[in-house]
Amino acid sequence: MQTFRVLLENVPAHCGTYRSILKEMTERVNTAPVRVTYKEEEQDGYYLFFFQSWCEEEYDAQTIDWARAFVALSLAEWIMQVKEPEIVEEMAEDLLQAEQLEEEWAIILPYIQRMCQEQEQEPAGGELFTATTRKANVYRKAFTYLEQDRTINVLGFVRFRLQDHWNELFELVESGIDEYLEDKQYQEFVELLRYFIAVQETKQEVVHVVPSVDKPFHLYDKKGDRIWLDQLDAVLSMDEQNCRDEDYLVSALVTLAPESIVLHMATERAGLTQTIRSIFDSRLSTCQSCPICLADRRVLDVHNPTKL
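In the annotation of an unreviewed UniProt entry, the entry for the protein chain reads Sporulation protein YtxC, and the organism field reads Brevibacillus choshinensis.

Laid out in structure tokens, this is it:
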């Protein structure tokens, strides 16, 4: 027989969640021929979950660790469901106070949650820090701890054994807030451009935006003649430029202030389409069926510009 003791803070909601996790695991995890049971009791200000396991046949190298794995997995699930959200909120609260963003918490929270669930950048160790990976890391630490000590005080384990976990999570919280601030600045910039366009005198009736192979974009007027923007072309032709080509296209369109914009081969530029539409709104239309679109990125002769 094997025994394990899990000590939780005597918080009804915390204990209730752990109890639900154990119930679900018992129903869906087949540990046969090992049987795992548990009982509960209050003990010295904590709430004790006392696990017992036995094997219907003699333990072997595989089944000897099944009960320990069961308990470790239940702890990893509980930490991810209960403690991680609590600690994320504590981290975010400190950062938001520093940025004076407390009132925007409800808007910022989805950014943090998305970052914690979908993070795809590799940290220094080279391992993806997704929610699944985090749970696996917590499981391994709990599994190793229970090999040395059959009693685990979860509060102490969370505070002292998972410091690397919380440090990496803190970086995700920071990244979520940074992403929100970038989006906020972008939206403010878009609103400024929309106001500028609304009061600016129109310089072109129609501007066609055509992706090309020799430069990111060519611009044409309603007659199909190439619109030459020397300064813009000079920038776009520099390979060393760090700024995005789309930024210069938007600058050109704002300068031209057209009544309408036609974006060709728009299906290849979903992000660009969204950006231009956010600024020019109903002035933008897209095209996928003209000869240029059907020709799929035709090479345009810079020295003898081809009309649309």
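A. Fine view of the packing of aromatic side chains. Inspection of the entire model under this criterion finds seven aromatic pairs. Here the aromatic rings of tyrosine 38 and phenylalanine 51 are separated by 5.7 Å at their centres, their planes lie at 40°, and the arrangement is tilted. Of this pair, tyrosine 38 sits in strand β2 (residues 34-43) while phenylalanine 51 sits in strand β3 (residues 46-55), placing them 13 residues apart in sequence. Overall, the relative accessible area of 31% leaves tyrosine 38 in the partly exposed class. Note on tyrosine 111 and tyrosine 180: the rings are 5.5 Å apart at their centroids and 75° apart in plane angle, and the pair reads as edge-to-face. Remark: tyrosine 180 occurs in helix α6 (residues 163-199) and tyrosine 111 occurs in helix α3 (residues 105-118); sequence separation between them is 69 residues. Residue classification places tyrosine 111 among the buried residues on the basis of a relative accessible area of 16%. Since its relative accessible area comes to 6%, tyrosine 180 is described here as buried. The positively charged end of arginine 114 is found above the aromatic ring belonging to tyrosine 111, 4.9 Å away from the centroid.

B. Quick look at the packing of helix α2 (residues 66-99) against helix α4 (residues 131-148). Remark: α2 packs on α4, axes separated minimally by 8 Å, with the N-to-C direction vectors making an angle of 130°. It follows from the interaxial angle that α2 and α4 lie oblique. Remark: the crossing between α2 and α4 carries right-handed chirality. Residues Arg68, Ala69, Val71, Ala72, Leu73, Leu75, Ala76, Glu77, Ile79, Met80 and Glu84 of α2 pack against Ala131, Arg134, Lys135, Val138, Tyr139, Ala142, Phe143, Thr144, Leu146 and Glu147 of α4.

C. Region of interest: the nonpolar core. One finds Val6, Tyr18, Phe49 and Phe51 to be the most contacted residues of the largest nonpolar core, which totals 50 residues. For this core, the leading source of residues is α2, giving 15 residues.

D. A look at the sheet that holds β3. A sheet is described by the order of its strands in space; here four strands give the open sequence β2-β3-β1-β4, paired in mixed fashion. Both outer strands of the open sheet, β2 and β4 (151-153), are each paired with one neighbouring strand and no more. Between one strand and the next, the sheet's axes are offset by a mean angle of 15°, whatever the strand orientation. Where strand β1 (residues 2-9) meets β4, three bridges bridge the pair, whose relative direction is parallel. The residue bridging valine 6 from the neighbouring strand is isoleucine 152, located in β4. Against the sheet, α2 touches β1, β2, β3 and β4, its axis set at about 10° to β1.

E. Highlighting the pairing of strand β7 (residues 260-264). With four of five residues buried, β7 is to be regarded as a mostly interior element. Here four bridges tie strand β5 (residues 206-211) to β7, and the two strands are oriented parallel to one another. Bridge pairing in β7 links valine 207 to isoleucine 261. Relative to strand β8 (residues 284-287), β7 runs parallel, the two being bridged by four bridges. The residue of β8 that forms the bridge with leucine 263 is threonine 286. Each parallel crossover has a hand, and the one from β7 via helix α9 (residues 270-280) to β8 is right-handed.

F. Examining the pattern of salt bridges more closely. Here the structure, examined in full by the defined rule, presents 13 salt bridges. Three or more residues are tied together by salt bridges with common partners; here these are Glu9, Lys83 and Glu86.

G. Broad picture of the sheet that holds β5. Read from one edge of the open sheet, four strands run β6-β5-β7-β8, paired in mixed fashion. Only two strands of the sheet have a single neighbouring strand rather than two, namely β6 (217-220) and β8. Averaged over all adjacent pairs, the angle separating strand axes in this sheet is 25°, with direction ignored. Along the sheet face, α9 touches β6, β7 and β8 and points at about 155° away from the line of β8.

H. Representation of a negative patch on the surface within the structure. A surface patch of negative charge is lined by Glu89, Glu90, Glu93, Asp94, Glu102 and Glu103. Here glutamate 103 lies in the loop between α2 and α3. For glutamate 103, a relative accessible area of 82% corresponds to the exposed category.

I. Quick look at unusual backbone geometry. A cis amide bond links alanine 32 to the next residue, proline 33, at an omega of 10°. Within the element layout of this structure, proline 33 appears in the loop between α1 (12-28) and β2. Of note, the phi angle at alanine 257 is positive, near 45°, even though the residue is not glycine. Structurally, the position occupied by alanine 257 is in the loop between α8 (245-256) and β7. Judged by relative accessible area, which is 1%, alanine 257 ranks as buried. The phi torsion at aspartate 281 lies on the positive side, around 55°, for a residue other than glycine. Positionally, aspartate 281 belongs in the loop between α9 and β8. Aspartate 281 gets classed as partly exposed once you look at its relative accessible area, which sits at 40%.

Definitions and cut-offs
Residues numbered from 1 in each chain as written. Predicted model: local features only at pLDDT ≥ 70, side-chain atom pairs only at ≥ 80, totals over all residues. Heavy atoms only, no water. Phe/Tyr/Trp six-rings, centres within 6.5 Å; stacked < 30°, edge-to-face > 60°. Helix = DSSP H or I, 4+ residues; strand = E, 2+ residues; numbered from the N terminus. Buried < 20%, exposed > 50% of the residue type's maximum accessible area, 1.4 Å probe, protein only. Lys NZ or Arg CZ within 6 Å of the ring centre and 35° of its normal. Axes fitted to C-alpha atoms, helices over the stretch in contact; angles between N-to-C directions. Parallel < 35°, antiparallel > 145°, perpendicular 65-115°, else oblique. Left-handed = near helix turned anticlockwise from the far one by under 90°. Contact = heavy atoms within 4.5 Å. Core = buried A, V, L, I, M, F, W, Y, C linked by side-chain atoms within 4.5 Å. Pairing = 2+ DSSP bridges. Right-handed = clockwise from strand over helix to strand, strands pointing away. Salt bridge = Lys/Arg side-chain N within 4 Å of Asp/Glu carboxyl O. Patch = residues over 30% accessible without salt bridge, like charges linked within 9 Å, V, L, I, M, F, W, Y side chains within 5 Å. Areas by Shrake-Rupley, 256 points an atom, 1.4 Å probe, with all protein chains shown as cover. Lys, Arg positive; Asp, Glu negative; His and termini not counted. Charge placed at Lys NZ, Arg CZ, Asp CG, Glu CD.

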